[in-house]
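Structural overview
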Amino acid sequence: MVSHKDMKILLVGEYSRLHNSLKEGLTALGHQVVLMGDGDYFKNYPVDIKLHRRFQKGPIKLFKNLIYRLSGFDCSSWFMLQEALGHRQQLKGFDLVQLINESPLGIMPNHELKLIKWLKVHNNKLFVLACGTDFISVRFAMDKKFRYSILEPLFKGKVSKKEYGPILKYLSKKHQDLHQAVYDLCQGYIATDMDYDLPYRGLKKYLGMVPNPINIDDIKFTAQSQDKKPVIFHGGNTKNYFKKGSDYFDQALEIVKRERSGSCEIVRTEDLPYATYVTQLAQSDIVLDQVLGYDQGYNALEAMAQGKVLLTCAEKEWREHYNIPEHCVALNALPDAQKIAALLIELIDHPAQRVTIGEQARSFIEGHHHYKKVAQQYLELWRSVN
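Scope of this entry: the structure provided in the associated data block. The structure presented is a predicted model; accordingly, all values stated were derived computationally and were not measured. (Residues numbered from 1 in each chain as written. Predicted model: local features only at pLDDT ≥ 70, side-chain atom pairs only at ≥ 80, totals over all residues. Heavy atoms only, no water.)

**Notes on the sheet that holds strand S1 (residues 8-12)**
Spatial strand order, S3-S2-S1-S4-S5-S6-S7: seven strands in an open sheet with parallel pairing. Of all the strands in the sheet, the pair left with one neighbour each is strand S3 (49-50) and strand S7 (206-209). With two bridges joining them, strand S2 (residues 32-37) and S3 adopt parallel strand pairing. When the sheet's bridge partners are listed, Gly37 is paired in S3 with Lys50. Relative to the sheet, helix H16 (residues 371-383) contacts S1, strand S4 (96-99), strand S5 (125-130), strand S6 (188-191) and S7, its axis offset from that of S5 by approximately 130°. (Pairing = 2+ DSSP bridges. Helix = DSSP H or I, 4+ residues; strand = E, 2+ residues; numbered from the N terminus. Contact = heavy atoms within 4.5 Å. Axes fitted to C-alpha atoms, helices over the stretch in contact; angles between N-to-C directions.)

The following block contains the structure:
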């Protein structure tokens, strides 16, 4: 068994600052943590060992794509693997390694597996987060076991299979093989929210759900004001436009513009770097997060910690898990533009509701997502598995 003190932990990959916040919690509890990754594409989160995704723009990208079409060899993936392995001395001797996903660096499955096997050989325990799209969650959605899911736009013909390639690729034989290999290597899987907990239930190595950690010490709570027009913020992501249900939000905002144009301010952005996104978030009152899910994403949780009113995924499975009533901590954004618009108009017309929900949102984050409490949950779970 690993000692209960001073663990040495390697976190591989980053989504939406999850591993950064977990690192902060673990460090505060006295553990040594190293985070390796590329910073999650354009979001550019901080990491200790920075990896670079080459050949992403201009003629060199076209050349890379040509090589891939002709041979199936991905130059960018190969170079990232080599860069990661170039840090061998820094990646050895950890009590445990945790991957953000079965494909933690977002490179080719054979390259991911080569790195993961190396990490397993040179370290002790290996854990994997059920976080982000992977073989299990995409198969669950493709089999229509959710009431609705990130594949809803595909089922409804809003997008083509080609456009949804980055998600559907997880159903390929290569990714299925990666899943099986990682499953065999690891001690277990940990879900980060209900959207991944549901697909993983019943899997032998599934260890359960640990909520996303939020560093509330770095997030200031600001009470909602009843005396000004509310600012409604929708920070879109071009890559995940339909997957996040942004089309429903945009349609709802058009309704709000027609019916309450002088009673609110609407801010709509695309693909903001994390630092810019946080600045914009701080100036907002009502935040449109995502639709096609069951639990809040990371950006939603950080906004709730600030006291914002969120229209996000807050389905009955999530409410039952935390034993909270509907529209209390966050407003459940269903895939229906008219219903979303009605929620927004209700908030615009009744500012006292915004005050109450904002306060309840902060209390919820403090109670269930405090980064030190969550870090302790991870430690207990990691230690419970040999």
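Right, picking up where we left off after that structure.
**A few points about the packing of aromatic side chains**
On inspection of all chains with the given rule, the structure shows 16 aromatic pairs. With centroids separated by 5.3 Å and ring planes inclined at 35°, the aromatic side chains of Tyr189 and Tyr200 adopt a geometry described as tilted. Of this pair, Tyr189 sits in strand S6 while Tyr200 sits in helix H9 (residues 194-200), and the two are 11 residues apart along the sequence. The pair Tyr189 / Tyr200 is uniform in exposure class, with both members buried. Considering the side-chain rings of Trp318 and Phe364, the 5.5 Å spacing of their centres and the 70° angle between planes classify their relative orientation as edge-to-face. Taken together, the positions of Trp318 in helix H13 (residues 316-322) and Phe364 in helix H15 (residues 351-368) put the pair 46 residues apart, joining distant regions of the chain. Accessibility classification places Trp318 together with Phe364 in one group, the buried group. Here the guanidinium or amino end of Lys8 rests over the ring plane of Phe94, the centre of that ring lying 4.7 Å away. (Phe/Tyr/Trp six-rings, centres within 6.5 Å; stacked < 30°, edge-to-face > 60°. Buried < 20%, exposed > 50% of the residue type's maximum accessible area, 1.4 Å probe, protein only. Lys NZ or Arg CZ within 6 Å of the ring centre and 35° of its normal.)

**A word on the environment of Ile100**
With respect to the element layout, Ile100 can be found in the loop between S4 and helix H4 (109-122). With 203 residues separating them in the primary sequence, Ile100 and Ala303 have C-alpha atoms 22 Å apart. Other than its neighbours up to four places away in sequence, Ile100 contacts Val12, Gly13, Glu14, Tyr15, Leu18, His19, Leu129 and Cys131.

**Quick word on the layout of surface pockets**
In this structure, the second largest pocket occupies an estimated 230 Å³ of space. As for the second largest pocket, its lining consists of 14 residues, of which Asp218, Ile219, Lys220, Val278 and Gln306 are closest to the centre. Of all the secondary structure elements, the ones that give two or more residues to the lining of the second largest pocket are helix H11 (274-282) and helix H12 (298-306). Top contributing element to the lining of the second largest pocket by residue count: H11, with four residues. Of the residues assigned to the lining of the second largest pocket, the class counts are five nonpolar, four polar and five charged. (1 Å grid on protein atoms, 1.4 Å probe; cavity = no way out; pocket = protein on both sides within 12 Å on 5 of 7 lines; lining within 4 Å. Points joined across faces, edges and corners; volume = space filled by probe spheres on them. Nonpolar A, V, L, I, M, F, W, Y, C, P; charged D, E, K, R; others polar.)

**Considering helix H2 (residues 58-71)**
Taking 1.5 Å per residue as the helical rise, H2 with its 14 residues ought to reach 20 Å, and the 20 Å between its terminal C-alpha atoms agrees with that figure. Just downstream of H2 lies Gly72, where phi reads positive at about 80°. (Expected span 1.5 Å × (residues − 1).)

**A closer look at empty space enclosed by the protein**
A water-sized probe rolled over the atoms picks out the places where empty space is left. Applying the stated criterion to the full structure yields one cavity of 30 Å³ or more. For the largest cavity, the calculated volume is near 40 Å³. Lining the largest cavity are Asn101, Glu102, Ser103, Asp134, Phe135, Tyr170, His175 and Leu178. For the lining of the largest cavity, the class distribution of residues is three nonpolar, three polar and two charged.

**Examining unusual backbone geometry**
Even without a glycine there, the phi angle at Asn323 is positive, about 55°. Positionally, Asn323 belongs in the loop between H13 and strand S12 (331-332). A positive phi angle, near 55°, is found at His327, a position not held by glycine. Residue position: His327 is located in the loop between H13 and S12. Judged by relative accessible area, which is 32%, His327 ranks as partly exposed.

**Side note on the nonpolar core**
Grouped together as the largest cluster of nonpolar side chains are 102 residues, with contacts concentrated most on Ile9, Leu119, Met304 and Trp382. Other than its neighbours up to four places away in sequence, Leu119 contacts Leu10, Val12, Leu91, Val97 and Leu99. In this structure, Tyr148, Ile255, Leu288 and Leu343 belong to the second largest nonpolar core, which totals 25 residues. (Core = buried A, V, L, I, M, F, W, Y, C linked by side-chain atoms within 4.5 Å.)

Coordinates in, geometry out; function isn't part of it.
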